[in-house]
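Report on the structure
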Amino acid sequence: MTGARTRRVLVLVLAAVLAVVSLVPVLRIRFETDVLQLMPRESGAVDAFETYLERFGSLDALYVYVAAPGDGAVADYDDYVEALADALRAVPEITRVDTGLLDGSRDWTYLTDRQLLLLDEAGFTEATARMAPDRVPVQLTRTRELLALPTPEMKALAQRDPLGWFELTSARLQGASGVLQVDPSRTDGYVTTDGRARMLVVHPTQPPFDTTYARTLLDRIAVTEARMRAQFAPEWAADDLPPPRMDVAGGHRTAIETESLMRGEAVSNTAWSMVGVLALLYLAFRNVWLVVFGTLPILLGTLVTLAVHEVAGVQLSAAATGASAMLFGLGDDGLVLLFVAYRDRLARGCSPLDAVRDLGGVGVSVFLGAVTTAATFLGLWFMSFPSLQQLGIVVGLGMLLTVFFTLTVLVAGLPGRAWVTRARDLSMPGLGPWVLRHRRRILAIAVLVTVPLAWGLTKLRVDPRLERLRPVTAGLALETEITERFGLARDVYLVLGRGPALDPLLAAHEALDHDLAGTTGVAHVGPSVLLPSEAVQRRRRARLASLDDARAGLADAVDTAGDAAGFVAGTFAPFRERLTRVLDPAQSLTLESLDARGFGELAGRFIRREGSDFLVVTYATAADPARLTALQTAVGAHPGLVLTGLPLVNASLAARFPRELATGLAVGALVVLVLIWLEFRTVTPTLLALLPTICGIIWGLGMLGWAGVVLDLFSVFAILMFLGIGVDYGIHLLHPTLGPDGAGLSETLSLVGPALLLAGGTTIVGFGTLVWSAYAPLRSLGLVSVATLASGLIASLLVLPALMARERAA
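Only a predicted model underlies this, so the values are computations on that prediction, with no experimental measurement involved. (Residues numbered from 1 in each chain as written. Predicted model: local features only at pLDDT ≥ 70, side-chain atom pairs only at ≥ 80, totals over all residues. Heavy atoms only, no water.)

**Description of the overall build of the protein chain**
Quick reminder of the rule: Helix and strand definitions follow DSSP, with helices as H or I runs of at least four residues and strands as E runs of at least two, each counted in order from the N terminus. The classification of residues rests on relative accessible area computed with a 1.4 Å probe and restricted to protein chains. Under 20% of the type maximum is buried, over 50% is exposed, and intermediate values are partly exposed. Whether two residues are in contact is decided by their heavy atoms, any of which lying within 4.5 Å being enough. Here the accessible surface of atoms and residues is derived via Shrake-Rupley with a 1.4 Å probe, and residues count as covered only by protein chains that are part of the display.
The helix and strand inventory of the protein chain stands at 35 helices and twelve strands. A burial count over the protein chain gives 55% of its 810 residues as buried. Across the protein chain, the fraction of contacts at a sequence separation of at least 24, relative to all contacts at a separation of at least 6, is 83%. Within the structure as shown, the protein chain displays about 33,200 Å² of accessible surface, and the carbon and sulfur contribution to it stands at 62%.

**Quick notes on the pairing of strand β7 (residues 493-499)**
The following threshold applies: Any two strands are treated as partners once DSSP identifies two or more bridges connecting them.
The buried fraction of β7 amounts to six of the seven residues, a majority that puts the element mostly inside the structure. Where β7 meets strand β10 (residues 613-622), seven bridges bridge the pair, whose relative direction is antiparallel. Bridging across to β10, Gly499 finds its partner in Phe614. Two elements, β7 and strand β11 (residues 641-644), share four bridges in a ladder whose sense is antiparallel. The residue bridging Leu494 from the neighbouring strand is Thr644, located in β11.

**What about the packing of helix α2 (residues 8-26) against helix α18 (residues 386-412)?**
Here is the rule we go by: Convention adopted: a line fitted to C-alpha atoms gives each axis, helices being fitted over their contacting stretch, and angles between N-to-C directions are expressed from 0 to 180 degrees. Helix crossings fall into two classes, left-handed where the near helix is turned counterclockwise from the far one by less than a right angle and right-handed where it is turned clockwise. When residues are sorted by character, Ala, Val, Leu, Ile, Met, Phe, Trp, Tyr, Cys and Pro go into the nonpolar class, Asp, Glu, Lys and Arg into the charged class, and all the rest, Gly among them, into the polar class.
Where α2 contacts α18, the axes come no closer than 8 Å and their chain directions differ by 115 degrees. The crossing of α2 and α18 is left-handed. Contact with α2, carried on its side by Arg8, Val11, Leu12, Ala15 and Leu18, involves Phe405, Thr408, Val409 and Ala412 of α18 and no other residues of that element. When grouped by side-chain class, the residues that make up the contact of α2 with α18 number seven nonpolar, one polar and one charged.

**Here we look at the environment of Ala374**
Note that Ala374 resides in helix α17 (residues 360-378). Ala374 sits in the buried class, given a relative accessible area of 1%. Along the backbone, Ala374 and Gly724 are 350 residues apart, and their C-alpha atoms lie at a distance of 7.2 Å. Not counting residues up to four positions away in its chain, the partners in contact with Ala374 are Gly396, Met399 and Leu400.

**A word on the confidence of the model for the protein chain**
Put simply, the rule is: Per-residue confidence from the prediction method is given by pLDDT, with values spanning 0 to 100.
Confidence in the prediction of the protein chain, expressed as mean pLDDT, is 81, and 85% of residues score 70 or more. Here residues 178-182 scores under 50 on pLDDT; set against residues more than four positions off or in separate chains, the count is 24 contacts.

**A few points about the nonpolar core**
In globular proteins that are soluble, nonpolar side chains generally tend to be buried together. Condition: Take the buried residues of types Ala, Val, Leu, Ile, Met, Phe, Trp, Tyr and Cys, join any two whose side-chain atoms come within 4.5 Å, and each joined set is a nonpolar core.
Phe285, Val395, Phe767 and Leu781 are the most contacted members of the largest nonpolar core, which has 115 residues in total. Discounting chain neighbours no more than four positions away, the residues touching Phe767 are Met326, Leu330, Phe377, Ile725, Leu781, Gly782, Ser785, Val786 and Leu789. Residues Tyr77, Val81, Leu218 and Ile256 belong to the second largest nonpolar core, which totals 30 residues.

**So, a negative patch on the surface**
The cut-off we apply is this: Residues form patches when they are more than 30% accessible in relative terms and have no salt bridge. Like charges link within 9 Å. Nonpolar side chains (Val, Leu, Ile, Met, Phe, Trp, Tyr) link within 5 Å. The term salt bridge refers to a side-chain nitrogen of Lys or Arg lying within 4 Å of a carboxyl oxygen of Asp or Glu. The charged-residue count follows a simple rule in which Lys and Arg add positive charge and Asp and Glu add negative charge, with His and chain termini not counted at all. A single reference atom marks each charge: NZ on Lys, CZ on Arg, CG on Asp, CD on Glu.
Residues Asp76, Asp79, Glu235, Asp239 and Asp240 make up a contiguous surface patch of negative charge. Using a relative accessible area of 53% as the deciding quantity, one classes Asp79 as exposed.

**A word on the pattern of salt bridges**
This model, assessed by the stated rule, comprises 24 salt bridges. Here Asp247 and Arg245 are joined by a salt bridge, their closest N and O atoms 3.9 Å apart. Among the salt bridges present, the one from Arg253 reaches Asp247, with a minimum N-O distance of 2.7 Å. The exposure class of Arg253 is buried, given its relative accessible area of 13%. Classification of Asp247 as partly exposed rests on a relative accessible area of 22%. Taken together, the salt bridges that share partners define one network made up of Asp113, Glu577, Arg578 and Arg581.

**Overview of the environment of Thr406**
For the record, the criterion: Under this definition, polar contacts are N or O atom pairs within 3.5 Å; protein pairs additionally need one hydrogen-donor-capable and one acceptor-capable atom, and for neighbouring residues in sequence, both atoms have to be side-chain atoms.
Within the fold, Thr406 resides in helix α18. C-alpha separation for the pair Thr406 and Gly301, spaced 105 residues apart in sequence, amounts to 9.3 Å. Looking at Thr406, its side chain comes within polar contact range of the main-chain oxygen of Thr402, at 2.7 Å.

**Focus: unusual backbone geometry**
The backbone of Asp240 shows a phi angle near 60 degrees, a positive value even though the residue is not glycine. In this fold, Asp240 is placed in the loop between α11 (211-238) and β5 (245-250). With a relative accessible area of 67%, Asp240 lands in the exposed category.

**Re α2**
Heads up, the condition is: What a helix is expected to span follows from its residue count: subtract one and scale by 1.5 Å. Arc, as used here, means the arc of the directions from the helix axis to the C-beta atoms.
Look at α2: 26 Å from first C-alpha to last across 19 residues, which is about the 27 Å you get at 1.5 Å a residue. What α2 keeps buried is the set Val11, Ala15, Ala19, Ser22, Pro25 and Val26. Along α2, the residues classed as buried sweep out an arc of 125 degrees about the axis, all on the same side. Of the residues in α2, the exposed ones pointing more than 90 degrees away from the buried face are Val9, Val20 and Val21. Where the residues of α2 are buried, they touch α1 (2-6), α14 (296-311) and α18.

**What to know about the pairing of strand β1 (residues 62-67)**
Of all six residues in β1, six are buried, a share of seventy percent or more. Burial along β1 is two-sided: Leu62, Val64 and Val66 and Tyr63, Tyr65 and Ala67, pointing in opposite directions, are all buried.

**Looking at a nonpolar patch on the surface**
Residues Leu670, Val674, Trp677, Leu678, Val683 and Leu687 make up a contiguous nonpolar surface patch of roughly 570 Å² in combined accessible area. Those elements that provide at least two residues to the nonpolar patch are α30 (646-680) and α31 (683-689). With four residues, α30 is the largest single contributor of residues to the nonpolar patch. Residue placement: Leu687 occurs in helix α31. Overall, the relative accessible area of 52% leaves Leu687 in the exposed class.

**Description of the packing of aromatic side chains**
We apply this condition: Classification of ring pairs rests on two measures: the distance between centres of Phe, Tyr or Trp rings, Trp counted by its six-membered ring, which must be within 6.5 Å, and the angle between planes, read as stacked under 30 degrees, edge-to-face over 60 and tilted in between. Both a distance and an angle decide whether a charge sits over a ring: NZ of Lys or CZ of Arg must be within 6 Å of the ring centre and within 35 degrees of the ring normal.
Tallied over the full model, the rule gives eight aromatic pairs. The side chain of Arg540 reaches across the aromatic face of Phe124, ending 4.9 Å from its centre. The cationic tip of Arg597 hangs over the ring face of Tyr110; the distance from NZ or CZ to the ring centre is 4.1 Å.

**Observations regarding the side chain of Ser773**
Along the chain, the position of Ser773 falls in the loop between α34 (745-768) and α35 (776-809). Residue classification places Ser773 among the buried positions, given a relative accessible area of 2%.

**Regarding the packing of α17 against α18**
Definition in use: Roughly parallel means an angle under 35 degrees; roughly antiparallel, over 145; roughly perpendicular, 65 to 115; everything else is oblique.
The N-to-C vectors of α17 and α18 enclose an angle of 170 degrees; their axes lie 7 Å apart at closest approach. With respect to each other, α17 and α18 are oriented roughly antiparallel. Counted together, Gly363, Val366, Phe367, Ala370, Val371, Thr373, Ala374, Phe377 and Leu378 of α17 and Gly392, Ile393, Val395, Gly396, Leu397, Met399, Leu400, Val403 and Leu407 of α18 form the full contact between these two elements. Here the contact of α17 with α18 is composed, by residue class, of 14 nonpolar, four polar and no charged.

**What to know about the environment of Phe714**
Relative to the helices and strands, Phe714 resides in helix α33 (residues 713-734). Spatially, the C-alpha atoms of Phe714 and Leu781 are 5.8 Å apart, while their sequence positions differ by 67 residues.

Right under this line is the structure:
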């Protein structure tokens, strides 16, 4: 510190240059909007779920949502929806628009001509049974009943499929409609069951994590929709129809809203924290220098930390948006302690340079406190959550840089005697004697308070679900509404298989389908709904080849039965025309043929390429825990398959939480103990330094337990952070009293106590701003931090000195 003071001009110039240089990359800082960053790193269900989200998830799709006002029917706006779909297809950032109708984008004739290959064993047996002479008239009678609704679509279907084969195929597709988002039997597209809303599925050219592209895409959609709205406005007015509601949901919107939320959070958290901390410092000291110049080390530490991340190409997660607020709350402890000690030395008659030379012990205390805090934050690197790891690195590195700048830049800029003497004296001469005089009462009250609050720890509840870590945005709320209104599956279980060859994976999933066939309460759909394995196709072709006699006379039998049922001659000519293709024993289905005929996106719901491997998924739902156990047993019988899904991920997080917390607490406590031991070298001071931390955890969390607060993963890991923060209070109070030249306890408490009160208050203010954060995990982190910090501060000012006095008296 003396070197920084003697070269103060050089130090201050270098600091100014560093601030300007760091500001350039900070202005370009980017935020991570990828929801996969919320996922923990773990093998098994969690990794499989992350793989699914990355390769199969609907993140790349946009959902254009059109709803009729009030109780109106969305069918009144069909022309507008179709025109909008056509206009969106012309947008260069969009590859395809899926309306849910049988349009030219998919060759349904190709698929329906091979519909018998898509049936399961029971369906195929039923389809061939309907070819029997005695069954044909029965099926024709049913077909005539269907024509009671004489729509063009039903008429065409009856002419092409008088035996109801499509009915069997459709049953399988309808069972997968929540996954495929397609039902060929529908003639009105993706419409809610109440008929009030319709959805278009838009497929952009790029994934959603480039927010510049996402903004361009959404702007183009908005302009296109406004043009269509203006075109149809006169028609709606003439028909006395109010304009429909149109909105967009999906990963691209979520990416934009998440980035905007995080950028706003970073700015607002930093601004409010800085305002609160500076206001508190000014009210305490009434010194303008301390407010203007004293925060420079924190600003430098924050700027350089963020600049390092931007230069390294690291995008900040939602969790890291609170880092600046935390640094303002944590980084000013050294400022307060150094300024109070510096003012005390000047008041004793020291020159500014001699006062700095005499700050060595205080400097060691400040450095040790900052290092213990940084160590616990950096210890988050050993957690399995990338977002928490990043938060730990940002705050930990920021703390190390801040204490470095505090011991150099701040010391270099300390003002002369005239400025310092204007600052208010923070010492409280009566505090030390009062605590020593009432030490027995303080300790008794501490015990009486600790017992019920310790019981409150048993009432704490933790909700480790990943949903609690997601930012809340309007786009995500709309996605939830779409999921509910369109009947898309929720809490779906996923069975993933990976391998270099596709056909063995298809066979494994078919075997799983067979095992689950008789399990009630378990709905499931696998890749065979679109692409059966080669073994299944071979068996189907062999059975089709054995139907030569039936095939030869089937068309005539249908015409004869049609004549008897009163159908017009030639009605079933379309059936005769396609019959040879449907019963062709040489037919086949391949992934390449599906892709070439417009079904690549649908097949992609089940099959994806990842490098040289294939990934194949089956979707399932379980009605209750017993059915879930049956599903887990069935999947467990196939070694190459892994069962996952958000419910299992949440269960995995809940199961591993105690282990994660215990590991984090053990590592953090060990690091703190080692650092304190290296400074004090004796057992008693080391244990005493931990007292504020222990009291802070028991009292703070006990109060939250009694209040019924539910914690999430972020708020729980705030406990680990407090290990390093709370121990600082004990270090700062103990350090001046140790050694042969140590000050008296009463004198130290009267001088250091007010500084600790101010430093703790600014830390509480810094973390307290997070309580009003728009990001729920940061709110809970702020709440836990405020409760534990306030408790730890009270313990350090009252309980710790009372216990130290008792030990010395003994």
